[in-house]
Amino acid sequence: MTFVAKPRVHHPKLPVNEIGLTRRDYEGPVSTLCAGCGHDSVSAAIVQACAELSLPPHKFAKISGIGCSSKTPSYFLSKSHGFNSVHGRMPSVATGANLANRDLYCIGVSGDGDTASIGLGQFAHIVRRRINMLYVVDNNGTYGLTKGQFSATNDKGSTSKKGLPNLNEPIDLVSLALQIGASFVARSFSGDKKQLVPLIKAALIHKGFGFIDVISPCVAFNNHQGSTKSYDYIRDHSEPVVVTDYFAAQEEITVDYAPGTSEEVHMPDGSVLCLQKLDEKFDVHDKVHALNYVQTRQAQGEVVTGLLYVDPDASDCHEVLDTVQRPLNELDVDDLCPGNAALEMVNAGFR
Amino acid sequence: MSINDFVIRFANVNGSGSASANTMFAKALFRMGLPVATRNIFPSNIQGLPTWFDVRVSARGYLGRRESVDIMVAMNAATYEEDVACLSPGGYLIYDSTKPLARHLRRSDITEIGMPLADLLLSEFEDIKQRGLFKNITYLGALSALLDIEFDVITGMVATQYKGKDALIAPNIAALEIGRGYAQRYLSCPLPIKVRRVEAAGDRIMVDGNTAAGLGALYGGATVCAWYPITPSTSVAEAFELYANQLRVEENSGRRKFAVVQAEDELSAIGIVIGAAWNGARSFTATSGPGISLMSEFLGLAYFAEIPAVIFDVQRAGPSTGMPTRTQQCDLISAAYASHGDTKHVLLFPSTPKECFEFGAQCFDLADRLQTPVILMTDLDLGMNDSLSDPLTWEDGRAYDRGKVLSAEDLEAVEKFGRYLDVDGDGIGYRTYPGTHPDKGAFFTRGTSRDEYAAYTESPEAYEKNMRRLLRKWETASKLVPEAVITSSGQRAGILYYGTSATPMPEALDLLEEEDVHLDTLRICGFPFGKEVYKFIEDHDFVFVVEQNRDAQMKTLLVNEGELDPARLVSILYYGGLSISADTIQAQISEYFTQQKLPRLTEVKS
Ligand SMILES: Cc1ncc(C[n+]2csc(CCOP(=O)(O)OP(=O)(O)O)c2C)c(N)n1
Ligand code: SF4
Ligand SMILES: [Mg+2]
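Residues numbered from 1 in each chain as written. Chains lettered and ligands numbered in written order. Predicted model: local features only at pLDDT ≥ 70, side-chain atom pairs only at ≥ 80, totals over all residues. Heavy atoms only, no water.

## Here we look at the overall build of chain A
Our working definition: Helix numbers and strand numbers start at the N terminus; a helix is a DSSP run of H or I with at least 4 residues, a strand a run of E with at least 2. Buried residues are those whose accessible area, probed at 1.4 Å on protein chains only, stays under 20% of the maximum for their type, while exposed residues exceed 50% and partly exposed ones sit between those limits. Only heavy atoms enter the contact rule, under which two residues are in contact if any of them lie within 4.5 Å. For the area figures, the Shrake-Rupley method with a 1.4 Å probe applies, and any residue is considered shielded solely by the protein chains shown.
In terms of regular secondary structure, chain A is built from 12 helices and 11 strands. Here chain A, with 351 residues, has 58% of them falling under the buried criterion. For chain A, the share of sequence-separated contacts (at least 6 apart) that also reach a separation of at least 24 residues comes to 69%. Summing over all exposed atoms, chain A offers an accessible surface of approximately 14,400 Å²; the carbon and sulfur share of this is 53%.

Structure below.
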């Protein structure tokens, strides 16, 4: 596939933000993901959040691992540098990028395979390191780019494209993030802009590690014979995928439901997802309660969405390491080199 | 009678505090102006297993390992047998005579010097733990008398070592005096082997390569260090942090102008280094062979994505534990070609602590200039042992070469920015740091699927074009790495070596001269090899290649990269895990001459 430049049509009527820029200034080239892929909705939400916050669109570092989800940073904020790195290792690259320049907004995009399987170790440790960033997992419960294998977030009992049941327990990323000390933890759904955009905005301005697990359906790998969930519904409403290398264009799945209510979402794999939106009264400062709540609802078959926990006084890695205010990448020889006189003193210590 | 020329070996139990006493012994001799080299041979163990500490003193300044031992301080009953056996005829055995030496351990060709150490300490120190600790100091005191070491040099060192912990000074001095007093009263002092103050060490320093490398990173401008503990590289990161905390803090705020992250593993360590370097900070990691293996995927990405990254590889023997705390030069191939796809990496080979410092700092300039990973290939022998070195120096006013980086103003002047365009014909494109300019210079970094403007493509032509450019860059690298060091007097045969194989070389060459074997020499300092390396090989009928691994890895690189006839390179190999000795080199070369029936006399080419 070759890169397609997106025509930049000037829309005089597009609203401008506080720094005089329109949404267009935050976008990227046309996505090469499947039409209807939830990941594209997440990218759009990031664009909207950054534009609404009036952040300078070139002051981001976009880091990702490998996967369909990890390709997305090339489809938003094209005025910023991006780095499509190594499968499962986005957290380390993001750590380095953030250490080098604390002034950039750091956005890490990953997939559930990228984060919960190959990258689970790095995920756990970036949480512990408290890197000041927005960490998004486009969670589709499958390996999109390698064509539909189970990921570690996939529910036990659901079946793969080949009809094999998943026998392993799922990893719940928000519970894990809460447990190991993330200072901002949220879950949302790719098609729920009303909820997702504010969450992204909040995570971006949060100082510390901001984690959002975004359920983001994969529309390509939806051929789940024998699913315990309502496969029939989806078969009647969508193109059945028979030929494995043909993926019919799908509609983006969107939801719009009020805080404190639940919503059933019919996923492309035939399953029904029961989202439960936290209401405004939910105490977002009580980590233990949040963990309890997520687990209790999960046992009832519900997936809680919304902001689960935030510590507004959180510290970040630079505070912990007590680094200078100026970005490290701006320091030059005068700042960094102690000079020969100091070295002579060091030598004296070796005599 | 021998003055300032011997090898003394201390056989101890790991974790008994012997290392600091033994280091103090070596340092005392160094402070008397003697060239000394130390080698700590330690197990993968914290406490209990045997450990040996060799100190070589050489009037002629030889610093390499010598095979024979003249004085054995046998303090580990578990290894008595092998320790006694390794003494040269005529040597001296110093042992704790609280228990008599078993009959089968006795040798008629050595001198046994028994000291009732345990008994001596029993009457002096009540605490059993103290007795254990001071045992080492007590034999140090005895050695001062036996070898005629200036006593105030040693007591002075105790005072500096325990500065601030004054309560420890008195008992240490007391223990020294017990040993010294006993030796003076009951043993014939000094021995025929002894030391005498000279000025041979000059203004040199005694330091380990890892400390020097850590300082190299500090002076080279590294601001991000990410690492995962592994012997023998750990002390590189520790030294960097120690000196950075002293020398790299902001004046008023006291804040740090550096960040050190102990990562969760080597994958993460190299990822952090690459992320920081991508974002314009000089960054490095220190590791050893297993770490290089783990970092391989990332090293390939950095090669293709053209990101400067500095890795200090302190080499050690093979996998798991045990032998890995022994030294080898065994990561050459895995480092040079680390990763998937067609990859090659720039390597530097220091052979002294001073070079660990200088090459260590230079790595950062090279990585920035070449926009690629650069690996400093040192080893356990150099990294963890104190050795004599010229003092470290830094030329004030020296700027860092940050390579081709475009500023916002530069970008204004550029019509269309192409990250991977070979504008200058040296294979190196211009890079931009994230966030430099509102509209220009941003690009998306990926592995290989991109064109010269960093736009996504899977076109075969674009891929091949890019790969050819990377070869041009490789060619540029061969001109930038430190040149080989050559000495030539027009001999027919040459000898080529690198890293710590250089340490025993002056002695080996002297030994060979005595046999009328004369060789021109070349010490490799960098990879890719410069033209001078191939010319040297071309100019000689055959060239010995000395290395400390089984598979002749440097020879493989030479043959492969230079398309050389392997028959012209004769391998001299040692891979037992101790550092290669002059005796080994001399024996193997001598054997080659005998086998090939080659004339020994100098045959200078006309
Ligand atoms: C080291 C390594 N192993 C395997 C792969 C192959 N691979 C590419 S993407 C992927 C899974 C991606 O899944 P996920 O992170 O969930 O992303 P999605 O495509 O579902 O968005 C795998 C296994 C790889 N690129 N690198
Ligand atoms: S395969 Fe799935 S995850 Fe990948 S782009 Fe298509 S819909 Fe999205
Ligand atoms: Mg996935």
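## Looking at the coordination of the magnesium ion (ligand 3)
Residue and element names in this part refer to chain A. Note the following rule: Metal sites are built from N, O and S donor atoms within 2.8 Å, or 3.2 Å for Na, K and Ca, and they leave out water, so they may look incomplete.
Taken together, Asp112 (OD), Asn140 (OD1) and Thr142 (O) make up the protein donors of the magnesium ion (ligand 3), found 2.0 to 2.2 Å from the metal. Donor residues for the magnesium ion (ligand 3), ordered by position in the chain, follow D-x27-N-x1-T. On the criterion of sequence distance, the pair formed by aspartate 112 in helix α4 (residues 112-117) and asparagine 140 in the loop between β4 (133-139) and β5 (142-143) is long-range, its members being 28 residues apart. In this structure asparagine 140 comes out as buried when scored by relative accessible area, which is 17%.

## Topic: the interface of chain B and chain A
Selection criterion: Buried area is a sum: the accessible area each of two parts loses on coming together, probed at 1.4 Å, counted once for each and added. The working definition used for a salt bridge is a side-chain nitrogen of Lys or Arg within 4 Å of a carboxyl oxygen of Asp or Glu. Counting of polar contacts relies on pairs of N or O atoms within 3.5 Å, with two restrictions inside protein: one atom must be capable of donating a hydrogen and the other of accepting it, and residues adjacent in sequence are counted only when both atoms are side-chain atoms.
Each side of the interface is counted separately: chain B has 70 residues, and chain A has 55 residues. Summing the contributions of chain B and of chain A, the shared interface buries around 5,400 Å²; its carbon and sulfur component is 62%. Seen at the junction of chain B and chain A, the total is three salt bridges. Put simply, glutamate 264 of chain B and arginine 129 of chain A hold a salt bridge, and the shortest N to O gap is 2.9 Å. The tally of links between chain B and chain A comes to 24 residue pairs in polar contact (both at pLDDT 80 or more).

## A look at the side chain of threonine 521 of chain B
Residues and elements named next belong to chain B. Tracing the chain through its elements places threonine 521 in strand β20 (residues 520-524). In this structure the side chain of threonine 521 is engaged in a polar contact, spanning 2.4 Å, whose partner is the side chain of threonine 487. Ignoring any residue separated from it by four or fewer positions in sequence, one finds threonine 521 in contact with Val485, Ile486, Thr487, Ile495, Tyr497, Leu509 and Phe536.

## Here's the deal with the sheet that holds β20 of chain B
Residue and element names in this part refer to chain B. This is how it is decided: When DSSP finds two or more bridges between two strands, those strands count as paired. Angles shown run from 0 to 180 degrees and are taken between the N-to-C directions of axes, each axis being a line fitted to C-alpha atoms and, for helices, limited to the stretch in contact.
Sheet architecture is open: five strands sit in the order β18-β20-β19-β22-β23, paired in mixed fashion. Both edges of this open sheet fall to β18 (485-487) and β23 (569-573), since each of them pairs with a single strand only. Recorded for the sheet is a direction-independent mean angle of 20 degrees between the axes of neighbouring strands. In terms of strand pairing, strand β22 (residues 542-547) meets β23 through five bridges, oriented parallel.

## Section: the environment of leucine 29 of chain B
All names here are of chain B. On the secondary structure map, leucine 29 appears in helix α1 (residues 18-31). Taking the C-alpha atoms as reference, leucine 29 lies 26 Å from serine 97; in sequence the two are 68 residues apart. For leucine 29, the residues in contact, after removing those within four places along its chain, are Phe6, Leu34, Val36, Val57, Ile149 and Val195.

## Some points on the site of ligand 1
Residues and elements named next belong to chain A. Test applied: By convention in these notes, a residue is near a molecule or strand provided one of its non-hydrogen atoms lies within 4 Å of it.
Taken together, 17 residues lie around ligand 1, and Cys68, Ser69, Asp112, Asp114 and Gly144 are the ones closest in. Within the backbone of cysteine 68, a nitrogen or oxygen atom sits 2.8 Å from an oxygen atom of ligand 1. At a separation of 2.7 Å, an oxygen atom of ligand 1 approaches a polar backbone atom of aspartate 114. Protein coverage of the free-state accessible area of ligand 1, which is 580 Å², stands at 78%. Elements that contribute at least two residues to the shell around ligand 1 include exactly α2 (68-71), α4 and β5.

## Examining the nonpolar core
All names here are of chain B. This is how the line gets drawn: Only buried residues count toward a nonpolar core, which is a set of Ala, Val, Leu, Ile, Met, Phe, Trp, Tyr and Cys residues joined through side-chain atoms within 4.5 Å. For the domains described, the bounds stem from an automatic or database domain assignment.
Membership of the largest hydrophobic core comes to 172 residues, with the highest contact counts inside it found for Phe312, Met554 and Leu558. The greatest single-element share of this core, amounting to nine residues, is contributed by helix α12 (residues 353-370). A domain-level breakdown of this core finds at least three residues from each of domain 2 (207-389) and domain 4 (485-595). Tyr92, Ile113, Ala142 and Met206 belong to the second largest nonpolar core, which has 58 residues in total.

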